[in-house]
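Descriptive analysis of the structure
For reference, the chains in residue letters:
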Amino acid sequence: RISADSISIPTVYFDLDKSNIKDEYAEGLRLGATALRESGASITIEGHCDERGSDEYNIALGERRANAVRSYLYNLGVPNSHMSAVSYGEARPAVSGTGETAWQLNRRAQFVIR
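Please read these numbers as outputs of a predicted model, since none were measured by experiment. (Residues numbered from 1 in each chain as written. Predicted model: local features only at pLDDT ≥ 70, side-chain atom pairs only at ≥ 80, totals over all residues. Heavy atoms only, no water.)

**Focus: the overall build of the protein**
Secondary structure summary: the protein contains three helices and four strands in total. Going from the N terminus to the C terminus, the protein shows its helices and strands as β-α-β-α-β-α-β. Computed over the C-alpha atoms, the radius of gyration of the protein is 14 Å, within 12% of the 13 Å expected from 2.2 N^0.38 for a compact globule of 114 residues. Counting only C-alpha atoms, the protein reaches 45 × 25 × 25 Å along its principal axes. In the protein, which comprises 114 residues, the proportion classed as buried is 35%. Here the protein displays about 6100 Å² of accessible surface, and carbon together with sulfur accounts for 48% of that area. (Helix = DSSP H or I, 4+ residues; strand = E, 2+ residues; numbered from the N terminus. Rg over C-alpha atoms; globule rule 2.2 N^0.38 Å. Buried < 20%, exposed > 50% of the residue type's maximum accessible area, 1.4 Å probe, protein only. Areas by Shrake-Rupley, 256 points an atom, 1.4 Å probe, with all protein chains shown as cover.)

Okay, structure coming up:
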């Protein structure tokens, strides 16, 4: 049986103002879903945004991103009862700074597995 400590799901990055999951993340999410199902582990999906936009807009966008990943994993067989989604908006940037390079890294969904 797979342990929760051994599961790693790559961060999913999003385009500006988007919450759709790009094809390039399909394989990582598929492998992650298989590991989650086999281990019985739970996951928190954290939605994040770059610094542009109002706090309210970014919280809502982060929520859409986290929920898009949650739906994707659910469709791959991960039980809803094993997943939670949270939005941090722009409050927890992966990198500091402005400009497209920083913004791209901050528009993401990342995972806490337990």
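**Some points on the pairing of strand β3 (residues 83–89)**
Here six bridges tie strand β2 (residues 43–48) to β3, and the two strands are oriented parallel to one another. Within β3, the position partnered with T44 by the bridge is S84. (Pairing = 2+ DSSP bridges.)

**What about the nonpolar core?**
If you look at the biggest cluster of nonpolar residues, it comprises 20 residues, and the most contacted ones within it are L29, I45, V69 and L73. Broken down by secondary-structure element, the contributors of at least two residues to this core are α1 (26–39), β2, α2 (55–75) and β4 (108–113). Counting residues per element, this core draws most heavily on α1, which supplies four residues. Excluding anything up to four places from it in sequence, V69 contacts F14, I21, L29, I45, A109 and F111. (Core = buried A, V, L, I, M, F, W, Y, C linked by side-chain atoms within 4.5 Å. Contact = heavy atoms within 4.5 Å.)

**Points about α2**
The terminal C-alpha atoms of α2 lie 30 Å apart, and with 21 residues this matches the ideal 30 Å at 1.5 Å per residue to within 8%. Buried within α2 we find N58, L61, G62, R65, A66, V69 and L73. For α2, the arc enclosing every buried residue in end-on projection is 130°, short of the 170-degree limit, so these residues lie on one face. Seen from the buried face of α2, the exposed residues on the opposite side, beyond 90 degrees, are E56 and N75. Along its buried surface, α2 packs onto α1, β2, β3 and β4. Directly after α2, the chain includes G77, whose backbone phi takes a positive value near 100°. (Expected span 1.5 Å × (residues − 1). Arc of directions from axis to C-beta.)

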